[in-house]
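Each chain, written out:
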Amino acid sequence: MRDDLMRAKRTDDKQAVIDILEKENELRGKLRHVKLQMLRCMLFILPSINWSLPNWATDPLLDELHLNGLMLGEAYVSVYQSLRSMLG
């Protein structure tokens, strides 16, 4: 992508430079979305393991504070991810 940018700059093709910068910006947005999705998944791993245990109600893996903290963090990341997607 950088080679295309340099070639476009050398030929003074301003529209080509604009197109390449837009593609780069779009790619960065997609990467940010994927990173946020990975963070959400990591925050949800331990609660899902906790809830999948046969005796999760009587002998939980995580105490209530940690479980609620992880789920609250996942909810915050989810809202942030949605807002970033809507705003671009």
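Residues numbered from 1 in each chain as written. Predicted model: local features only at pLDDT ≥ 70, side-chain atom pairs only at ≥ 80, totals over all residues. Heavy atoms only, no water.

1. Structural notes on the confidence of the model for the protein
Chain-level pLDDT for the protein is 89 on average; 88% of the residues reach the 70-or-more range. Element-level pLDDT for the protein is lowest in helix α1 (residues 2-10), with a mean of 64, against a maximum mean of 95 in helix α3 (residues 64-87). (pLDDT = per-residue confidence, 0-100. Helix = DSSP H or I, 4+ residues; strand = E, 2+ residues; numbered from the N terminus.)

2. Some points on the pattern of salt bridges
Under the counting rule described, the total for this entry stands at three salt bridges. Taking the shortest distance from any N to any O, the salt bridge between E24 and R28 comes out at 3.0 Å. Residue E24 and its partner R28 are both found in helix α2 (residues 14-52); the two are separated by four residues, about one turn of the helix. Residue E26 pairs with K30 through a salt bridge whose shortest N-O separation is 3.4 Å. One end of the pair, E26, and the other, K30, are both in helix α2, four residues apart, so they sit about a helical turn from each other. Since its relative accessible area comes to 51%, K30 is described here as exposed. (Salt bridge = Lys/Arg side-chain N within 4 Å of Asp/Glu carboxyl O. Buried < 20%, exposed > 50% of the residue type's maximum accessible area, 1.4 Å probe, protein only.)

3. Focus: the side chain of E74
Positionally, E74 belongs in helix α3. Here the side chain of E74 touches R40 through a polar contact of 3.0 Å, side chain to side chain. With near-sequence residues (within four places) excluded, E74 lies in contact with R40 and L43. (Polar contact = N/O pair within 3.5 Å; in protein donor to acceptor, adjacent residues only side chain to side chain. Contact = heavy atoms within 4.5 Å.)

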